[in-house]
Every structure is written in structure tokens, then in C-alpha cells.
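# Examination of the molecular architecture
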Amino acid sequence: QGSVPLMQTTTNAAWLGNTVFDGARYFEGVTPDIEHHCARVVASAHTLNMRPFFTADEIVNLVKVGCRKFSPEKALYIRPMYWIEDGLGASVPDSTQFALVLQALPMPDPNQGFSACLSELQKPHPNTAPTRAKATCLYPQLNLALHQAKDQGFDNAVMLDTEGNVAEFAMQNLMYVKDGVVYTPTPN
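Treat the numbers as computed from the prediction; the structure is a model and nothing was measured.

Thresholds, definitions, all that
Residues numbered from 1 in each chain as written. Predicted model: local features only at pLDDT ≥ 70, side-chain atom pairs only at ≥ 80, totals over all residues. Heavy atoms only, no water. Pairing = 2+ DSSP bridges. Helix = DSSP H or I, 4+ residues; strand = E, 2+ residues; numbered from the N terminus. Axes fitted to C-alpha atoms, helices over the stretch in contact; angles between N-to-C directions. Contact = heavy atoms within 4.5 Å. Salt bridge = Lys/Arg side-chain N within 4 Å of Asp/Glu carboxyl O. Buried < 20%, exposed > 50% of the residue type's maximum accessible area, 1.4 Å probe, protein only. Core = buried A, V, L, I, M, F, W, Y, C linked by side-chain atoms within 4.5 Å. Phe/Tyr/Trp six-rings, centres within 6.5 Å; stacked < 30°, edge-to-face > 60°.

### A look at the sheet that holds strand β5 (residues 116–122)
The mixed open sheet is built from 3 strands, whose spatial order is β5-β6-β7. Only two strands of the sheet have a single neighbouring strand rather than two, namely β5 and β7 (166–169). For this sheet, the mean angle separating the axes of adjacent strands, direction not counted, is 35°. Bridge count for β5 against strand β6 (residues 156–160) is 4 bridges, and the pairing is parallel. Paired with Gln-122 across the strands is Leu-160, a residue of β6. Helix-sheet contacts for helix α4 (residues 139–151) involve β5, β6 and β7, and the interaxial angle to β5 is about 140°.

Below you can see the structure in the form of C-alpha cells.
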């Protein structure tokens, strides 16, 4: 159906950032860990004082129905979203809205590497921002780090938390393998 307008200029989420989402993939006929992604968007909505009206299982079922509308060889980016529609300052939880975005988007080439630098910007501390949620209000900081990295000739940026620990790449999770074991930073 293409890009469908969802928010107006008066929508609370559009000007105050009360939006949560998750990002998952569909490729080669599978949606790895879709249950975890859908559970996280519901948990993120609760964290931002929203009233999510679909369970994680219901969102999983919507994803499966939606993926069947595309040809099986298409790679998709799956983005369930909740946002707050109403409120001047304080949001109105009962105005929570939902959208499921299925976007045809090729998978990155697994054989192509990339460069990364250490960002001077940090992820916010859990006491200063809703870091337990996958909230859009956290992404401007990551966007700035990514632009700084690109300005220096790198493809990505490694973000540290306020304690100086590796947290993630600017827009992706960071994992490494040591002695055959996959590691990823502890969520903060």
C-alpha cells in the first residue's frame, strides 16, 4: 500500500516523541525471534505509559498475515509501533495508537564488512531517559553519532554507556565472537 500517513502536526508523538517501535526481519521465509520483538514493543509501550491493546502474540499473528502478502523471496523490515495521539505535555495513555509497518528492504550483504569508530557521544543513563524502551526519543543521539562517524570516514559508530562500557553500534546491536561464544553487551 505504500507509505500511509499516520500522524498529524497535533499528534503528541509527532512533537513530544512518545513513540515506541521494534525492528525485526523477514527473509528466506522466516522471521527469527519475532516473538521477542513483539514482546519488546508491548513492554516498551508500557514503559512509556501507553495502553497497548494488542498482545505480543496478536502482533506476531498480524506479522505472519502481513508477510504472506509479499512474495517469499522478498526481504522485509518489520516495525510494529505504538504512539500517543493526544496530550499537551502530559500524554493521554488512552489515546494509544498502533501501526504495523512491513517494508521491502534487502538484507545487508553478509560478506561486506564495514568500518566503525568510537563515538564521543554516549547512550543516556537509565535515570535520564527511558532506556528500557525502544523509544524514538532515544534515536536523535544515535543519529548524531552516526553522522559524526560518517563525517570522519567511518560507516558506523560504537556507543558507550555513561559507565564507559560498550553499549551498541549507533543503530544496531553489537555482537562479537570469542572462543566460539557469541557475546553482546548487557542491556542497560
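### Topic: the pattern of salt bridges
Under the criterion given, the structure shown has 3 salt bridges. The residue Asp-22 makes a salt bridge to Arg-40 at a minimum N-O spacing of 2.4 Å. With Asp-22 in the loop between β1 (19–21) and β2 (24–26) and Arg-40 in helix α2 (residues 34–47), the pair connects residues that are 18 residues apart, well separated along the chain. On the accessibility criterion, Asp-22 (0% relative accessible area) is buried.

### What about the nonpolar core?
Counting residues in hydrophobic clusters, the biggest one holds 25 residues, and the most contacted among them are Val-20, Ile-59, Ile-78 and Tyr-82. Counting only elements with at least two residues in this core, the list comes to β2, α2, α3 (56–67), β3 (76–84) and β4 (96–104). The residues contacting Ile-78, other than those within four sequence positions of it, are Asp-22, Gly-23, Ala-24, Arg-25, Tyr-26, Thr-31, Ile-34, Val-63, Cys-67, Leu-100, Val-101 and Leu-102.

### Section: the packing of aromatic side chains
Inspection of every chain in the model, using the stated rule, returns 8 aromatic pairs. Residues Phe-53 and Phe-54 carry aromatic rings whose centres are separated by 5.1 Å and whose planes lie at 55° to one another, so their mutual orientation is tilted. A residue is classified by how much of its surface remains accessible, and Phe-54, at 27% relative accessible area, is partly exposed. For the pair Phe-53 and Tyr-82, a centre-to-centre distance of 5.7 Å together with 90° between the ring planes defines the contact as edge-to-face. Of this pair, Phe-53 sits in the loop between α2 and α3 while Tyr-82 is found in strand β3, placing the two residues 29 residues apart along the sequence. The class for Phe-53 is partly exposed, based on a relative accessible area of 45%. Taking the relative accessible area as the measure of exposure, Tyr-82 reaches 0% and is therefore buried. Members of the aromatic cluster, connected to one another through ring pairs, are Phe-53, Phe-54, Tyr-82 and Phe-98.

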